[in-house]
Amino acid sequence: MSKSIAGFSKLSKSEKIDWIVETHFSNTEDATNVLKQYWNTDEKLQKLHDEFIENTITNYYLPLGVAPNFLINNKLYTIPMAIEESSVVAAASKAAKFWLDRGGFKTTVLSTTKIGQVHFMYQGDYNKLKTFFNSVKPKLLTDAKPITKNMELRGGGILDIELRNKTTDIKGYYQLHVSFETLDAMGANFINSCLEQFAKTLKNEALAFSDFSEQEKNIDIVMSILSNYVPNCLVRAEVSCKVEELTEKNDVSGDVFANKFVQAIQIAEVEPYRAVTHNKGIMNGIDAVILATGNDFRAIEAGVHAYASRKGNYSSLSHAKVENGIFTFWLEIPLALGTVGGLTGLHPLVKFASELLGKPSAKELMQIVAVAGLAQNFAALKSLTTTGIQQGHMKMHLMNILNQFDANDEEKTILTEYFKTHTVTHSAVVEAINELRE
Ligand code: MEV
C-alpha cells in the first residue's frame, strides 16, 4: 500500500528516488536502475529536463520519427512526429507519398483569434452594468498596456472586450469575453496576465462607480482564464484529384474507392461511436506533431473535440465528396499553436523539429499540423475501406511482439521475412518464434 509523505518536493532527486523505491518496490536496486538508465549523461541537459516540472525522477522517452515527402502549398516538408503507436509514422509517410504524386496538400488559415474570459458575479441592474462597462473599457485597455505593449509592437494584442450576460444560465453570472491576436505565441501566459489585470481594474473601478448601489459596487471575480476552445483560430487542409487518379497498382478502381471513402466519412458524420474513433485517427497525426514541436496537446485535444461537437452532436472533423469526377477530402480544425515561447526555445529536440520544418510561423505550423491530421485520416480510411486496418497495423506491431519475446537480431530478420507473406497475429508470431527456437 502506498504511504503518504510531507515535504516530498523539498527532498533531493536521489532522496526522492530512495523514498519511492523503498516504499513501493520489492527490488529497490532494479527499480532505481530503471530510472537511472534514462538519465542523460550530459548534466546540463539533464538539469534542463529536471527543471521542466516538479519532482522529476527521470526522463520518459517516446520515439521521434519523421514522415518525409509532404507537399503543402507546393513546398516540401519532412514532418517530425513523436508517438509510440507503431503504425502512425508509416501511415503518414505513405499518405504523403500518395498525395505527392497527385498535387499535394492545399491549406488555408481561416482565422487566428484566441479567447479569454473573466467570469464574475454581479447582483444588480444590468443596464447600470452596461453603462459601467462602456465607461471602464478604455481603462481596462490602458491598465493592461504594460503587458500588451510588446505584443502590439509586433502587430498583435487585444482585439475586443465584450460584456456578456449569462444570467439565464446562472443567477448573477457575467463575463468579460475577450478576443486576442497572439501571433507566433500560443499566448496562454499573455492572455491570462491580461485577464487578471482586467479583473483587478474591473473590481476596483466598480467600487468607485457612483451610479452603483453598495451591493452593485461589489463585483465578485470568480476566475480569469483563457479558453482552449478556439473556433476562430481555424485552419483548413484539403486534397483533391480526379477519381480515376485514386487507383493504384492492383488496387480497386478509383470509383469504388471514392464511393466507399465518402460513405465512411458520412458514417463518421452521423454516428458518434464511429466519429470518436475516426477523429482519434486524425489526432494520431496531430498530437504527434504537436508533441514534437513542443506544443500543448491537451489544449489541442480539448479544443478539437469541442469543435467536433459544435453543432450539438459529436461528428467527423473531416469531410469528402465527389463532384464532376473530382474527389475532394478536407478538414477544418481549430489549432492554437505557438512557435515562440513555452518549450520552443528550451527543449533541444523541439528546436530541432522547428529547424527541420524551416522555422515555421505559428500560422505555417497550423497548416503543417492540419495536414498531418488529414494524411493520417486518409491512410486509416484507405486501409479500413480496402484491406482492413489489421494488415498494416499488425505488420508494424510485429517488432513489438518480437521484442516482447526478446528476439535477437537473427530471429528478427528471419521472422520479418517470414511475415512478409504470412498474416501477422499475436498467436502466429508466438508460434513462429517457438518453432524457430526449437
Ligand atoms: C488507430 O490508432 C486509429 C484508427 O482506429 C482510426 C480510424 O479508425 O479511422 C485506425
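Residues numbered from 1 in each chain as written. Predicted model: local features only at pLDDT ≥ 70, side-chain atom pairs only at ≥ 80, totals over all residues. Heavy atoms only, no water.

A. Structural detail: the overall build of the protein chain. Check the secondary structure of the protein chain and you find 16 helices and 10 strands. Each principal axis of the C-alpha atoms in the protein chain carries an extent, and together these give about 90 × 70 × 40 Å. Each of the 438 residues in the protein chain was classed as buried or not, and the buried ones make up 43%. Look at the contacts in the protein chain between residues 6 or more apart in sequence, and 70% of them connect residues 24 or more apart. Accessible surface, the protein chain as shown: approximately 23000 Å² in total, 52% of it carbon and sulfur. Here the protein chain contributes 44 positive and 50 negative side-chain charges, whose respective centroids are spaced 6 Å apart. (Helix = DSSP H or I, 4+ residues; strand = E, 2+ residues; numbered from the N terminus. Buried < 20%, exposed > 50% of the residue type's maximum accessible area, 1.4 Å probe, protein only. Contact = heavy atoms within 4.5 Å. Areas by Shrake-Rupley, 256 points an atom, 1.4 Å probe, with all protein chains shown as cover. Lys, Arg positive; Asp, Glu negative; His and termini not counted. Charge placed at Lys NZ, Arg CZ, Asp CG, Glu CD.)

B. Geometry of the pairing of strand β6 (residues 173-181). Of all nine residues in β6, nine are buried; the element is thus mostly enclosed. Side-chain alternation along β6 places Tyr173, Gln175, His177, Ser179 and Glu181 on one buried face and Tyr174, Leu176, Val178 and Phe180 on a second face that is also buried. Pairing analysis gives eight bridges linking strand β4 (residues 114-121) to β6, with the strands arranged antiparallel. Bridge assignment links glutamine 117 to a residue of β6, and that residue is histidine 177. The sheet contact formed by strand β5 (residues 157-165) and β6 spans eight bridges and is antiparallel. Along β6, the bridge assignment pairs glutamate 162 with histidine 177. (Pairing = 2+ DSSP bridges.)

C. Molecular detail of the sheet that holds strand β10 (residues 326-334). Taken together, the four strands give an open sheet; going across it, the order is β3-β8-β10-β9, and neighbouring strands pair in antiparallel fashion. The two strands at the open ends of the sheet, each matched to only one other strand, are β3 (106-109) and β9 (318-323). Neighbour-to-neighbour, the strand axes of this sheet turn through a mean angle of 20°, independent of strand direction. Examined bridge by bridge, β3 and strand β8 (residues 234-242) share four bridges and lie antiparallel to one another. Considered in β8, the bridge of threonine 107 is made with alanine 237. In the packing of helix α11 (residues 297-308) onto the sheet, contacts are made with β8 and β10, and the angle to β10 comes to roughly 120°. (Axes fitted to C-alpha atoms, helices over the stretch in contact; angles between N-to-C directions.)

D. Spotlight on helix α4 (residues 88-100). Over its 13 residues, α4 runs 18 Å from end to end, which matches the ideal 18 Å to within 8%, given 1.5 Å per residue. Those residues of α4 that fall on the buried side of the exposure criterion are Val88, Val89, Ala91, Ala92, Ala95, Ala96, Phe98 and Trp99. Tucked into the core, α4 has its buried residues touching β1 (64-72), β2 (75-82), β8, α10 (272-292), β10 and α13 (362-384). (Expected span 1.5 Å × (residues − 1).)

E. Structural context of the site of the ligand. Lining the immediate environment of the ligand, one finds Glu85, Arg274, Thr277, His278, Lys280, Gly281, Asn284, Ala380, Leu384 and Ile389. A total of six residues in the shell around the ligand trace back to one element, the largest contributor, which is α10. When the residues that make up the shell around the ligand are grouped by side-chain class, the tally is three nonpolar, four polar and three charged. (Near = heavy atom within 4 Å. Nonpolar A, V, L, I, M, F, W, Y, C, P; charged D, E, K, R; others polar.)

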